[in-house]
Each structure stands twice: as structure tokens, then as C-alpha cells.
Amino acid sequence: MRVNTLKRAAVAFALALPGAAIATVVAAPAAYADGCYTWNRTLSQGRSGDDVRQLQIRVAGWAAYRDIVRVDGIYGPETAAAVRRFQAAYGLRVDGIAGPQTFAKIYDLQDNDCTPKHFSYSELDNGCGVGGWSGGPLSATATREKAVRTMWKLEALRRSLGDKPLYVTSGFRSIACNRQVGGASDSQHLYGNAADIHSGTSSLCQVARSARYHGFSGLYGPGYPDHNNHVHVDSRRENNSDKTSNTTSWSAPTCGVS
């Protein structure tokens, strides 16, 4: 992962400043913003646009229990609630408004390539070791974009588990790779929508139970066939390109998840 040290230092400084001073810092984002995306206005309910959409991707992992944050560019109650959870998780003022402190924290978490700082494209890349984002049902660009949202959800899950490492054992798979490993014919892995994970510090059941609160509509873990050594999470409810209905499907019987 690439980390801009100066950016991190400047953001930490910004977070320590009182509100008025923070507004001054954010008004000149070039001083610390990375190469991915910079917000230029405060966002709240009623706003719309690509800046809202970019925010929704980054708070997608702060959905309510068994829910999702729709990435539609419209700042409604669902997005405001996710922003509040994000703010609470990182010790910010909880108001559901994405302003200077909220953006400063996102910049702190975000690397120059749009990934959250604890996950990288290489971790979500082709599970058979070939590399690249082509070979699936979608274009390489579309698949990569879905993988970014998956990583931001994983970042939220990681935070809820005490900011301890989560390990991805399988992310995106090409059609050929998916066939090679015996994956489901219309697996969410084909779309960049899924990750198989485990933790070095939390049990698989702890991971599975916590994942219910972080925007994953597909969840399979201990007790489900062939999932006793990892937890599978995905965003099937948001996938309009697959052959599966947009529903929630959870099964980790050993953990009481259904």
C-alpha cells in the first residue's frame, strides 16, 4: 500500500484543530489530499452529485444491521445514518453531516489509489495468482471499482474488530480462475464484489457476527459447507449484473448467523 506520510501528518494536525481552523485547512485541500479524490463542500441531506457518491463508497461499510448504503449519489437518511456511524467509530462529532473533520478522517484512511490504508488492490486481485481485473463478466474498470467498495466495507469491519488485521484469502476471480477453484457458476467473486477472510485475533464467528453490521448482504461462515476456515462476505444485493436476485443471504450456523 502507498501511504503519503506528509498527507497523514497534515490530516492528523487538521483533526486536532478547532472547527474554524479545520475549515481553513480543508479549504486548501491540495496541502494534504491524496491523488484519489478531494471533497470541496460540506455534504448533508438533500445534496446530490458525484461527491456524494464518492462519500457513499467510503461509508458503505457503516450500514445498519442487515442493510446497505446505496451508492446512488443522493444524500438521504440512509447515507446520513452511515456517516453518523462512521463518525462515532472514529471519535468525531456525530451529526450525520460530512464536513471538514469527516473528510479529514477519510483522507487519513485513504491511499492515493483510492483504497483504504489497510487493504490494497493486490489483496483483492485475481485469486489464482494471475493478476489483473479482466476475465470476469464485467470490464476490468467496473470490476476494480466494485473491489474498491468491497475494501471500504472490509475497512469498517476491521475497525469494529479492534483495528486488528483481516486477511483476504480470495478476492476477485476471473471466470477461468473461478472454474479452477470450483466456485459457484455466478459467484460474487467474479464481480469484485466478494472476499474470503479470516482474522489473526478474532474468531471466525466474531468476524461473521460483526460483518452483519457492515453492508455485506452475502455472508457464509462456519457451519456452512466448505466455510469452516474462512468467512465469505459479498455485496450481492447491490449487484445488478449477476443472475442472482438482489437479496440478503447469510449462513454461518455454528455462529448463530442465518
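Residues numbered from 1 in each chain as written. Predicted model: local features only at pLDDT ≥ 70, side-chain atom pairs only at ≥ 80, totals over all residues. Heavy atoms only, no water.

Novice: Please give an account of the side chain of Thr 150 that cites residues and values.
Specialist: By secondary structure assignment, the location of Thr 150 is in helix H7 (residues 140-160). The class for Thr 150 is buried, based on a relative accessible area of 0%. Contacts of Thr 150, omitting those with residues within four sequence positions, involve Leu 124, Gly 192, Asn 193, Ala 194 and Ala 195. (Helix = DSSP H or I, 4+ residues; strand = E, 2+ residues; numbered from the N terminus. Buried < 20%, exposed > 50% of the residue type's maximum accessible area, 1.4 Å probe, protein only. Contact = heavy atoms within 4.5 Å.)

Novice: Report on the pattern of salt bridges, specifying residues and quantitative values.
Specialist: Should the charged atoms of two oppositely charged side chains come close, the side chains can pair. Per the counting criterion, the structure on display carries 11 salt bridges. Note that Asp 108 is salt-bridged to Lys 105, the shortest N-O span being 2.9 Å. Pair noted here: Asp 108 and Lys 105 are both in helix H5 (residues 100-109), with a separation of 3 residues, about one helical turn. Neither Asp 108 nor Lys 105 differs from the other in exposure class; each is buried. As a salt-bridge pair, Asp 234 and Arg 236 come within 2.7 Å of each other at their nearest N and O atoms. Both residues of the pair, Asp 234 and Arg 236, count as buried. Via salt bridges that share partners, Arg 149, Lys 153 and Glu 238 belong to a single interconnected network. (Salt bridge = Lys/Arg side-chain N within 4 Å of Asp/Glu carboxyl O.)

Novice: Any chance you could break down the pairing of strand E2 (residues 194-199) for me, citing the residues and the numbers?
Specialist: For E2, a buried count of 5 out of 6 residues is recorded, marking the element as mostly surrounded by other parts of the structure. With 4 bridges connecting them, strand E1 (residues 166-170) and E2 associate as antiparallel partners. By the bridge assignment, Leu 166 is partnered in E2 with Ser 199. With 4 bridges connecting them, E2 and strand E4 (residues 231-234) associate as antiparallel partners. (Pairing = 2+ DSSP bridges.)

Novice: So what about the state of the cysteines? Which residues, and what values?
Specialist: What is meant by a disulfide is a covalent connection between two cysteines, made through their sulfur atoms. The final tally for this structure, using the stated rule, is 3 disulfides. A disulfide bridge connects Cys 128 with Cys 177, and the sulfur atoms are separated by 2.1 Å. On the sign convention where negative is left-handed, the bridge of Cys 128 and Cys 177, at about 85 degrees about the S-S bond, is right-handed. With Cys 128 in the loop between helix H6 (121-124) and H7 and Cys 177 in helix H8 (residues 175-180), this pair connects stretches of sequence that are 49 residues apart. Assessed through its relative accessible area of 3%, Cys 177 is described here as buried. Taken N- to C-terminal, the disulfide-bonded cysteines of the chain are connected 1-2, 3-4, 5-6. (Disulfide = S-S within 2.5 Å.)

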